[in-house]
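# Observations on chain architecture
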Amino acid sequence: MHIPNRQSALEALQRFLPHAGENYASRRNFVSAPLVEANVSGLSPWVRTRLLQEWEIIEHVLHQHSASAASKFIDEVCWRTYWKGWLQLRPAVWEQYLAELNQARKVSFMDATYQAVLAGQSGIECVDQWTQELQQTGYLHNHVRMWYASIWIHTLKLPWVLGADLFMQYLLDGDPASNTLSWRWVAGLHTKGKTYLANPDNIQKYTQGRFEVKERLATEAVIPKSFPIQQPRSLPSLGPLPQKKSRVGVLLQEDDVRAFNWLVTNQDTAEIYIAGYFSPAVYSVNKIAPMVAQFRQESLQSVLQADHPLFNDVDSVSNWAVTKQLDAVLMAEVPTGMWDSKIQDLQSVVEAQGVKLSMQRCPWDAHFYPLAKAGFFRFKQGISAALHSVVSPS
Ligand SMILES: Cc1cc2nc3c(=O)[nH]c(=O)nc-3n(C[C@H](O)[C@H](O)[C@H](O)COP(=O)(O)OP(=O)(O)OC[C@H]3O[C@@H](n4cnc5c(N)ncnc54)[C@H](O)[C@@H]3O)c2cc1C
């Protein structure tokens, strides 16, 4: 269904475009099996690696629909940015998730309910079907993700962090910000006084009768205990741009595989070399399914040309920087998440060779991240400004 290259991403976008207006607004909550692109786009795995960049999706949408007709779809595309900005401003929330996950993992092998859900034998037919769908396709519809997380937390009383981890292991679009924060929202940890409770009628209605849930689902939520939410910090300042006439290496990574488009504009450089960096070690430490690791690595590989190397470890990046006599390595900012410690390694190994590693924030993120200090409603007010400045009408 999802092929990790630009052409497949663009074809999927083209198929979806006619539906991005009123149709999306009225049909997006209906779940067809497996995925019907007339209801939702199914673009998320390509958005995850930015094989499709948010601003270009919106640009295409605005060629076929007015901003008001497509406002629901545009809002959803921006929700992803909101979550990313929110976590970038509060990285401790990710650290706390990892700490809770490590604790939960220590006892998870003894938890019969957890093991039964993983084996597709929870006894709740829709949950078992969705576990299988997740593990086989790497994709679940948004409404299914909400129901699944809700039943996991509130009905089966499983730790939310183990559910978030299961999603991270199998979702092709698995993203530390959207995933962790959505699970927290369903659990009741994100917005004070708000939890999400799945109910059988709603599941039956939006799956159009495919699932009739006979089991009793929780009607009251018990909000799990967790750490207090960190106050937003200032966004980290990024490295300076390389000096004029310097030799620059552009290191592409899985969060923005096409960052070349915006990273090197207006750079007056002597020479530019391009390479990719993907760390399989990060994936195995985090127990991510091979199909997900493969999707991400191939997405990156697909944008590299024959003479652009792809490195799997930091020493190889450092050797490349030395061999090419680079003055600086430019990278798209790596968002808070699985990569954190690896990036510190990369930075110290490269800089030990006298080469500056400089991360840059793309204009889209630079516009939106500071707006993620409060709720989505305030964030949303930045959308129309973005449509005029960051999204370039062609
Ligand atoms: C428990 C839970 C876990 C989730 N985990 C992830 C995750 O790991 N990665 C991820 O990208 N999304 C996640 N989401 C958000 C959402 O479910 C997916 O982005 C969406 O289902 C992707 O399918 P689509 O491309 O068909 O979406 P569409 O409805 O077609 O939306 C278009 C794009 O907008 C973005 N988007 C849409 N809805 C949301 C949303 N609610 N939050 C953030 N971005 C959104 C996605 O990039 C998506 O590709 C999660 C939601 C829940 C409830």
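Residues numbered from 1 in each chain as written. Predicted model: local features only at pLDDT ≥ 70, side-chain atom pairs only at ≥ 80, totals over all residues. Heavy atoms only, no water.

## A short note on the overall build of the chain
In terms of regular secondary structure, the chain is built from 19 helices and 5 strands. Its C-alpha radius of gyration of 21 Å places the chain within 12% of the 21 Å reference for a compact globule of 394 residues. Its C-alpha atoms give the chain principal-axis dimensions of roughly 70 × 50 × 40 Å. Out of the 394 residues belonging to the chain, those deemed buried represent 54%. Pairs at least 24 residues apart make up 77% of the contacts formed inside the chain by residues separated by at least 6 positions. (Helix = DSSP H or I, 4+ residues; strand = E, 2+ residues; numbered from the N terminus. Rg over C-alpha atoms; globule rule 2.2 N^0.38 Å. Buried < 20%, exposed > 50% of the residue type's maximum accessible area, 1.4 Å probe, protein only. Contact = heavy atoms within 4.5 Å.)

## Quick look at helix α10 (residues 160-170)
By the criterion of burial, α10 is predominantly enclosed, with 10 of the 11 residues buried. Among all positions of α10, only Trp160, Val161, Leu162, Gly163, Ala164, Asp165, Leu166, Phe167, Met168 and Gln169 are buried. In this structure, the buried residues of α10 make contact with α6 (91-108), α7 (112-118), α8 (125-137), α9 (142-155), α11 (176-187) and α15 (290-303).

## Here we look at the packing of α9 against α11
To characterise two packed helices, one gives the angle between the axes of the helices and the distance between these axes. Interaxial distance between α9 and α11 falls to 9 Å at its minimum, and their mutual angle equals 55 degrees. Classified by the interaxial angle, the pair formed by α9 and α11 is oblique. Regarding α9 and α11, the two cross each other, and that crossing is right-handed. Note on element contacts: α11 touches α9 through Trp183, Trp185, Val186 and Ala187, opposite Met146, Tyr148, Ala149, Ser150, Trp152, Ile153 and His154. (Axes fitted to C-alpha atoms, helices over the stretch in contact; angles between N-to-C directions. Parallel < 35°, antiparallel > 145°, perpendicular 65-115°, else oblique. Left-handed = near helix turned anticlockwise from the far one by under 90°.)

## Digging into the sheet that holds strand β3 (residues 310-311)
The strand order across the open sheet formed by 5 strands is β3-β2-β1-β4-β5, and the pairing between neighbours is parallel. The sheet is open, and its two edges are formed by β3 and β5 (356-360), each paired on a single side. Here strand β4 (residues 328-332) runs beside β5; their pairing, made up of 5 bridges, is parallel. Counterpart to alanine 328 in the pairing with β5 is lysine 356. On top of the sheet, helix α16 (residues 314-323) reaches β1 (247-253), β2 (271-277), β3 and β4; it is set at about 170 degrees to β2, its chief contact. (Pairing = 2+ DSSP bridges.)

## Comments concerning a nonpolar patch on the surface
Taken together, the side chains of Val107, Phe109 and Met110 make up a nonpolar region of the molecular surface, amounting to roughly 350 Å² of accessible area. Mapped onto the elements of the fold, phenylalanine 109 is located in the loop between α6 and α7. (Patch = residues over 30% accessible without salt bridge, like charges linked within 9 Å, V, L, I, M, F, W, Y side chains within 5 Å. Areas by Shrake-Rupley, 256 points an atom, 1.4 Å probe, with all protein chains shown as cover. Salt bridge = Lys/Arg side-chain N within 4 Å of Asp/Glu carboxyl O.)

## Focus on the site of the ligand
With respect to spatial proximity, 28 residues lie near the ligand, and among them Tyr24, Ser41, Gly42, Tyr139 and Asn142 are the closest. With respect to the ligand, the side chain of asparagine 142 contributes an N or O atom lying 2.7 Å from an oxygen atom. A distance of 3.2 Å separates a nitrogen atom of the ligand from a polar atom in the side chain of asparagine 179. Across the complex, the protein chains shield 96% of the 820 Å² of accessible surface that the ligand would expose by itself. For the shell around the ligand, the secondary-structure elements that each account for two or more residues are α3 (44-48), α5 (71-89), α9 and α11. No other element matches α5, which puts 6 residues into the shell around the ligand. Along the lines of polarity and charge, the residues of the shell around the ligand split into 15 nonpolar, 8 polar and 5 charged. Counting the residues that make up the shell around the ligand, at least three belong to each of domain 1 (6-87 + 367-389) and domain 2 (98-206). (Near = heavy atom within 4 Å. Polar contact = N/O pair within 3.5 Å; in protein donor to acceptor, adjacent residues only side chain to side chain. Nonpolar A, V, L, I, M, F, W, Y, C, P; charged D, E, K, R; others polar. Domains from an automatic or database assignment.)

## Considering the domain arrangement of the chain
We note that the domain assignment places domain 1 (6-87 + 367-389), domain 2 (98-206) and domain 3 (247-360) within the chain. Interface area for domain 2 against domain 3, summed over the two sides, is near 890 Å², with a carbon-plus-sulfur share of 61%. Together, Arg105, Gln169 and Leu172 form the three largest contributors to the area buried by domain 2 at its contact with domain 3, with a combined 52%. In this assembly, domain 2 and domain 3 are joined by 0 salt bridges. Summed over the shared surface of domain 2 and domain 3, the number is 4 residue pairs in polar contact (both at pLDDT 80 or more). Sorting the residues of the side of domain 2 that touches domain 3 by element identifies α8 and α10 as the ones contributing at least two each. In the side of domain 2 that touches domain 3, the residues fall into 6 nonpolar, 6 polar and 3 charged. (Buried area = accessible area lost by both parts, 1.4 Å probe.)

## Let's talk about the side chain of serine 122
You can see serine 122 is positioned in the loop between α7 and α8. Among the polar contacts listed, one links the side chain of serine 122 to the backbone nitrogen of isoleucine 124, at a separation of 3.0 Å. A polar contact is formed between the side chain of serine 122 and the side chain of aspartate 128, at a distance of 2.8 Å. Not counting chain neighbours up to four residues away, the residues in contact with serine 122 comprise Ala116, Val117, Val127 and Asp128.

## What to know about the nonpolar core
Ranked by internal contacts, the top residues of the largest apolar core, which has 107 residues, are Trp130, Trp147, Tyr148, Trp152, Trp160, Trp183 and Ile203. With 9 residues, α5 is the largest single contributor of residues to this core. Contacts of tryptophan 183, omitting those with residues within four sequence positions, involve Tyr148, Ala149, Trp152, Ile153, Trp160, Gly163, Ala164 and Phe167. If you look at the next biggest cluster of nonpolar residues, it comprises 20 residues, including Ala275, Ala321, Val329 and Ile343. (Core = buried A, V, L, I, M, F, W, Y, C linked by side-chain atoms within 4.5 Å.)

## Let's talk about the packing of α8 against α9
Packing of α8 against α9 brings their axes to within 11 Å, and their N-to-C directions diverge by 120 degrees. On the basis of their axis angle, the class for α8 and α9 is oblique. Where α8 crosses over α9, the two elements pack in a sense that is left-handed. Residues Val127, Trp130 and Thr131 of α8 pack against Val144, Trp147, Tyr148 and Ile151 of α9. When the residues that make up the contact of α8 with α9 are grouped by side-chain class, the tally is 6 nonpolar, 1 polar and no charged.

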